[in-house]
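Residue strings, one per chain:
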Amino acid sequence: MWGLWMLPSATMLHTFLLLLLIGTFIRLSEPMTKEEKNKLRNQVLEMFDHAYHNYMDHAYPADELMPLTCRGRVRGLEPSRGDIDDALGKFSLTLIDTLDTLALLNKTEEFEEAVRRVVTDVRLDNDIVVSVFETNIRVLGGLLGGHSMAVMLKDSGQMLWYHDELLHMARDLGLRLLPAFNTSSGLPYPRVNLRHGVRGPETRTGTETDTCTACAGTIILEFAALSRFTGDPTFEAHARRALDFLWEKRQRNSNLVGTTINIHSGEWVRRDSGVGAGIDSYYEYLMKAYILLGDDQFLQRFNTHYASIMKYISQPPLLLDVHIHKPLLPARTWMDSLLAFFPGLQVLKGDIRPAIETHEMLYQITKKHNFLPEAFTTDFRVHWAQHPLRPEFAESTYFLYQATKDPYYLEVGRTILENLNRFARVPCGFAAMKDVRTGSHEDRMDSFFLAEMFKYLFLLFAEEEDLSFNVEDYVFTTEAHLLPLSLSTTSNSPPPPVINKMAGEELDDANFEWTCPNTRLLFPDPAFPRNLREPIRSTVDKSCPRPAAIREPGMGHPPLRAQDFMANNPEHLELLRRMGVSLIHLKDGRVQLVQHATQAVSAIAAEDGMRFMQEMMELSSQQQKEQLPPRAVQIVSQPFFGRVVLTAGPAQFGFDLSKSSSGVRGFVTVAEPYNGCSELSNGEIVAGRIALLQRGQCMFAEKARHIQKAGAIGGIVIDDNEGSSSDTVPLFQMAGDGRNTEEVIFPLLFLFHKEGNILLEALKEYREVEVLLSDKARDRDAIFKGKALPGTLLDGSTDGAEEEDCSTEEKDHSSPTSSEPLDQSKVTTQEQVAEDSVVGKESVQPAEGLDSNVPVDVWEEPAGDEDSNSQSGDSLMADWQEDLEAFKQMEKDEL
């Protein structure tokens with residue numbers, strides 16, 4: 001299928017300079033032997049079995065597996081994760097999503113058993129509000145993909161008992177989704193109640209006004225397949241109407257679409273446009289709708305959009321969001337991981353060169369962080385540190401291998417496998433990464449991990465004889481479900497309606513190519529893909545660490561120097577006011593600096609304000625080079641055995657854990673007094689252990705001196721600000737107290753309240769709790785040095801030499817490229833606090849820096865009650881499994 005439908009882009013024929021190519025002779029990738037491929041294919045099968053069987057053993061019939069606590073995630077019984085939970089509908093989501101994966105992996109008996117379970121056990125009339133988008137691609141798509149596989153097996157003489165039961169369920173579900181499309185525009189509501197629909201108080205939905213472009217534009221494959229399987233044209237008609245409306249609402253000058261649209265008025269709510277979260281699968285479904293349905297109109301629309309993407313959004317190897325009305329103006333300076341699907345889509349288009357370039361950039365970022373962070377900046381630093389085991393990078397890797405047959409992409413697949421096994425595998429499945437920098441986990445294994453990841457990895461390493469059917473007879477949906485291309489000849493749907501074009505609008509067919517390119521003719525030199533990749537690799541490497549900002553010459557010095565500024569100094573605040581610089585206090589304790597030249601008392605004062613802000617930027621950039629990455633507190637005693645990793649902030653003094661290959665390991669105990677601000681009364685207990693301390697009432701360095709005097713081998717300071725978490729608040733670096741701190745020779749780490757409570761609850765329940773303090777989470781093999789562990793633990797390979805970690809960008813910050821102009825009206829920065837500005841509190845500074853293109857925050861310590869005690873939270877396991885607030889916000893904003 002991929003060779004049949006690859007269509008070349010006109011831009012592909014143009015020569016353009018991407019980066020300075022270096023080197024004149026590059027050795028070709030060594031071919032992988034058939035034995036090696038077979039070994040990796042078998043490894044994929046073993047990993048799938050590990051994930052699938054743990055879901056069936058510990059979670060089914062729940063929607064998803066919680067791999068850390070070895071139980072099922074049932075909506076309403078677990079703490080709410082917000083919009084993320086809208087994918088859960090009490091319909092055994094993971095099992096349905098995995099049906100055609102079982103068939104593709106030749107697990108015929110398990111597939112047949114799974115179909116029987118779905119038909120017998122799953123109910124679709126639940127009184128529950130679900131996401132229309134997620135339910136369509138995961139559940140409806142899963143039922144249709146399962147039906148396609150069951151029909152294929154029945155035609156081969158197996159599953160003769162099957163009589164379209166999955167198709168009947170798919171039609172039932174389709175009818176339950178249809179009420180969401182009852183809008184004046186035809187765009188669906190984002191949510192629907194499976195039992196009650198949309199309207200009415202019992203539905204608990206129907207009040208939404210906005211939806212994302214991908215949410216409304218990723219319906220056509222599943223709904224059209226349902227129509228053509230059943231002969232009912234209603235579903236395809238509704239999906240086409242939604243796509244038609246989005247096409248009509250595109251920005252006519254740029255031919256781009258925004259991220260969020262009002263479902264009633266059609267007005268764009270968010271006018272930023274890219275190929276990642278919020279838009280991604282809209283473009284994918286235009287191309288694949290043409291492949292599946294054979295309707296030229298979809299290809300014409302896709303080509304129109306694609307030309308604009310390559311003109312405005314593509315800056316190889318980057319793909320940067322722009323404003324639809326001002327497409328030459330970047331909308332942000334970071335990218336999200338969902339755009340990793342785009343090189344695979346470019347392969348289907350036939351535009352191989354930019355696919356190779358963007359994929360290589362993503363691979364280099366993956367190698368630096370083991371996984372692709374949820375978002376990363378233009379200089380390839382971590383912007384959002386989570387990784388929920390997304391499959392898009394593996395998807396593009398498979399497509400590029402199919403297009404080029406370059407064994408390099410087999411090695412990329414090997415890297416994906418090794419990283420999953422080394423860092424994500426846990427006894428009860430595979431756990432999402434909470435922070436790719438520290439290796440900490442979330443109690444989460446999404447259904448798409450089984451639906452997509454193992455399909456693409458299996459196909460990457462499989463030989464033709466390993467497949468029981470020809471995958472080129474099918475198209476993959478965005479959830480990797482298999483729909484047969486034979487549906488294009490089914491005449492159960494009416495001809496597509498003719499869209500009334502606006503005056504003057506005409507599609508130029510001359511811009512569209514209708515022939516299939518031969519990649520050997522396009523790239524006669526077999527070293528060509530490698531020559532494309534090499535400068536990308538060099539560019540990513542050179543971007544770490546980020547270069548300091550360049551100061552403009554001849555600027556002079558403002559009356560107030562940035563390095564002298566203190567946010568609690570009244571004289572400094574008055575000087576800021578005269579220079580037109582406003583100071584805003586934020587809820588999380590930060591203060592934000594924003595400069596408005598028109599509010600300065602004079603033109604000279606305004607110029608001084610501009611200089612002050614530029615100097616503050618330089619100070620932040622310099623401090624950023626000195627920032628330390630997050631550290632890890634890993635609970636290694638039973639029953640945890642290294643499976644719980646807490647993200648911790650470092651100190652600017654004491655032992656540097658990055659210089660130790662083994663870290664510091666010991667049992668924890670609570671210091672008395674808990675604040676550690678005076679000589680310890682339980683020094684004999686603290687001796688030889690890691691002391692737990694509460695933040696507040698004295699400086700960090702003073703606490704360290706007291707517990708070191710008592711004989712402690714390390715210290716962990718726990719935040720006294722109830723509810724604080726590394727998920728939602730930037731990490732702190734604990735600064736000194738102005739005195740010599742060289743005498744502190746052990747490591748001191750900082751945990752926010754949520755992470756600290758996990759440790760305290762563990763100590764309360766198990767009394768003896770041993771932890772490992774290190775620069776990042778260690779493999780359990782390395783921790784226990786080959787000793788046998790209770791339970792089924794991974795026999796993973798030992799860690800090799802790690803590449804330099806450049807992940808020092810905090811998740812709430814972005815970073816522009818050095819060539820971008822600086823908007824001084826918006827620029828602000830962070831100030832390192834050497835000593836605390838609030839009496840009775842120790843000083844802190846953020847663990848990361850800010851970029852120079854967004855309002856800059858100066859960190860100031862928030863005041864708090866001195867006698868605040870650590871409040872007991874929920875049970876350990878409930879607190880442990882609670883998902884990231886920051887990630888929930890990301891899902892809400894972006895998806």
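Described in the following lines is the structure provided in the data block. Quantities reported herein were computed from a predicted structural model and do not represent experimental measurements.

1. A look at the overall build of the chain
Here comes step 1: Across its full length, the chain carries 26 helices and 32 strands.
Here comes step 2: In the chain, buried positions account for 63% of the 895 residues.
Here comes step 3: Counting only contacts in the chain whose residues sit at least 6 apart along the sequence, the fraction spanning at least 24 positions is 75%.
Here comes step 4: Looking at the chain as shown, the accessible area adds up to about 33500 Å², and 50% of this sits on carbon and sulfur atoms.

2. Describing the pairing of strand β29 (residues 748–751)
Here comes step 1: In β29, alternate side chains face the same way, and those of Leu 748 and Phe 750 on one face and Leu 749 and Leu 751 on the other are all buried.
Here comes step 2: Bridging between strand β27 (residues 714–718) and β29 involves 4 bridges; their strand directions are parallel. By the bridge assignment, Gly 715 is partnered in β29 with Leu 748.

3. Regarding the nonpolar core
General note: in soluble globular proteins, nonpolar side chains tend to be found buried as a group.
Here comes step 1: Within the largest apolar cluster, 173 residues are counted, with the highest numbers of intra-cluster contacts made by Phe 111, Tyr 283, Leu 420 and Phe 430.
Here comes step 2: When sequence neighbours within four positions are dropped, the list of residues in contact with Tyr 283 reads Leu 256, Val 257, Ser 273, Gly 274, Val 275, Phe 302, His 305, Ile 309 and Leu 345.
Here comes step 3: By size, the runner-up hydrophobic cluster in this structure holds 24 residues, among which are Val 644, Leu 657, Leu 749 and Leu 763.

4. With respect to helix α5 (residues 132–155)
Here comes step 1: Compared with the 34 Å implied by 1.5 Å per residue over 24 residues, the 32 Å span of α5 between its first and last C-alpha is a close match.
Here comes step 2: The largest bend along α5 reaches roughly 30° and is located at Gly 141.
Here comes step 3: Where burial is concerned, most of α5 is hidden: 21 out of the 24 residues are buried.
Here comes step 4: The opening residue of α5, the one whose side-chain oxygen lies 3.4 Å from the backbone nitrogen of Phe 133, is Ser 131.
Here comes step 5: Positive phi shows up at Gly 157, right after α5, with a value of about 95°.

5. Structural notes on the side chain of Asn 682
Here comes step 1: Mapped onto the elements, Asn 682 comes out in the loop between β25 (664–670) and α21 (683–686).
Here comes step 2: The exposure class of Asn 682 is buried, given its relative accessible area of 4%.
Here comes step 3: Apart from the residues within four sequence positions on either side, Asn 682 is in contact with Val 670, Ala 671 and Glu 672.

6. Topic: the sheet that holds strand β5 (residues 210–212)
Across a sheet, strands are paired by hydrogen bonds formed along the backbone, either parallel or antiparallel in direction.
Here comes step 1: In space, the 3 strands of this open sheet follow the order β5-β6-β7, with antiparallel pairing throughout. What marks the edges here is a single partner per strand, and that holds for β5 and β7 (268–270). Strand-to-strand twist in this sheet, taken as the mean axis angle between neighbours without regard to direction, amounts to 35°.
Here comes step 2: In terms of strand pairing, strand β6 (residues 260–262) meets β7 through 2 bridges, oriented antiparallel.

7. Some thoughts on the packing of aromatic side chains
Here comes step 1: Here the structure, examined in full by the defined rule, presents 26 aromatic pairs.
Here comes step 2: Ring geometry for Tyr 55 against Tyr 60: centres 6.3 Å apart, planes inclined by 80°, an arrangement best described as edge-to-face.
Here comes step 3: For Tyr 60, a relative accessible area of 14% translates into the label buried.
Here comes step 4: A centroid spacing of 5.2 Å and a plane angle of 90° characterise the contact between Phe 750 and Phe 752, whose relative ring orientation is edge-to-face.

8. Overview of the sheet that holds strand β14 (residues 382–384)
Here comes step 1: On the basis of which strands lie adjacent, the open sheet formed by 3 strands has the order β12-β13-β14 and antiparallel pairing. Looking along the sheet, the strands with just one partner apiece sit at the ends: β12 (334–336) and β14. Taken over all neighbouring pairs, the strand axes of this sheet differ in orientation by 30° on average, direction set aside.
Here comes step 2: Relative to strand β13 (residues 375–377), β12 is paired through 3 bridges, and the arrangement is antiparallel. Among the inter-strand pairings, Trp 334 is bridged to a residue of β13, identified as Thr 377.

9. What about helix α10 (residues 280–293)?
Here comes step 1: Helix length check: α10, at 14 residues, gives a terminal C-alpha distance of 20 Å against a target of 20 Å (1.5 Å per residue), a fit within 8%.
Here comes step 2: When you tally the buried positions in α10, you get 14 out of 14 residues, the bulk of the element.
Here comes step 3: Within two residues after α10, Gly 294 carries a phi angle of roughly 75°, on the positive side.

10. Focus: the pattern of salt bridges
Here comes step 1: Overall, the coordinates contain 48 salt bridges when judged by the stated rule.
Here comes step 2: When the shortest N-O distance is used, the salt bridge between Asp 336 and Arg 332 registers 2.9 Å.
Here comes step 3: Looking at Asp 336, the relative accessible area reads 1%, which means it is buried.
Here comes step 4: On the basis of relative accessibility, which here comes to 10%, the residue Arg 332 falls in the buried class.
Here comes step 5: Residues Lys 709 and Glu 679 are paired through a salt bridge, measuring 4.0 Å at the closest nitrogen-oxygen approach. Taken as a pair, Lys 709 in helix α22 (residues 700–709) and Glu 679 in the loop between β25 and α21 lie far apart in primary sequence, 30 residues in all.

11. Considerations on the state of the cysteines
Here comes step 1: If you walk through the whole model with that rule in mind, you get 3 disulfides.
Here comes step 2: One disulfide bridge connects Cys 70 with Cys 428, the sulfur atoms lying 1.9 Å from each other. Between Cys 70 and Cys 428, the S-S dihedral sits near 95°, and the bridge is therefore right-handed. Pair noted here: Cys 70 is in the loop between β1 (64–66) and β2 (71–73) and Cys 428 is in the loop between β15 (425–426) and β16 (429–430), with a separation of 358 residues, a long-range link.
Here comes step 3: Using a relative accessible area of 5% as the deciding quantity, one classes Cys 428 as buried.
Here comes step 4: Here Cys 677 pairs with Cys 698 through a disulfide, and the sulfurs are 2.1 Å apart. Taking the sign of the torsion about the S-S bond as the criterion, the disulfide between Cys 677 and Cys 698, at about -85°, is left-handed. Linking Cys 677 in the loop between β25 and α21 with Cys 698 in the loop between β26 (690–694) and α22, this pair joins segments that are 21 residues apart in sequence. In this structure, Cys 677 and Cys 698 share a single accessibility class: buried.

Parameters at a glance
- All residue numbers refer to positions counted from 1 along the written sequence of the respective chain.
- Restriction of local features to residues with pLDDT of at least 70 applies here, the model being predicted, together with a cutoff of 80 or more for giving and counting side-chain atom pairs; totals for whole chains, interfaces and linings are based on all residues.
- The basis for the side-chain values is all heavy atoms of the structure; hydrogens and waters are excluded.
- Put simply, DSSP marks the helices as runs of H or I at least four residues long and the strands as runs of E at least two long, and each gets a number from the N terminus on.
- Buried, partly exposed and exposed residues are distinguished by accessible area as a fraction of the type maximum, computed with a 1.4 Å probe on protein chains only: under 20%, between the cut-offs, and over 50%, respectively.
- In what follows, residue pairs with any heavy atoms lying within 4.5 Å of each other are defined as contacts.
- Only the protein chains shown count as cover for residues, and the accessible areas themselves come from Shrake-Rupley with a 1.4 Å probe.
- For two strands to be treated as a pair, DSSP must find at least two bridges joining them.
- Nonpolar cores were defined as sets of buried Ala, Val, Leu, Ile, Met, Phe, Trp, Tyr and Cys residues, with membership established by side-chain atoms within 4.5 Å.
- One less than the residue count of a helix, multiplied by 1.5 Å, gives the span that helix is expected to have.
- Note on bend: the value at a residue is the angle between axes fitted to the seven residues ending there and to the seven starting there.
- By the criterion applied in these results, polar contacts are pairs of N or O atoms within 3.5 Å in which, for protein atoms, one can donate a hydrogen and the other can accept it, and in which residues neighboring in sequence qualify only through two side-chain atoms.
- The axes are straight lines fitted to the C-alpha atoms, using for helices just the contacting stretch, and the angles between their N-to-C directions are given from 0 to 180°.
- Side-chain rings of Phe, Tyr and Trp, where Trp is taken by its six-membered ring, are said to pair if the distance between their centres is within 6.5 Å; with planes under 30 degrees apart they count as stacked, over 60 as edge-to-face, and otherwise as tilted.
- One side-chain nitrogen of Lys or Arg within 4 Å of one carboxyl oxygen of Asp or Glu is enough to make a salt bridge.
- Counting rule for disulfides: a pair of cysteine sulfur atoms within 2.5 Å.

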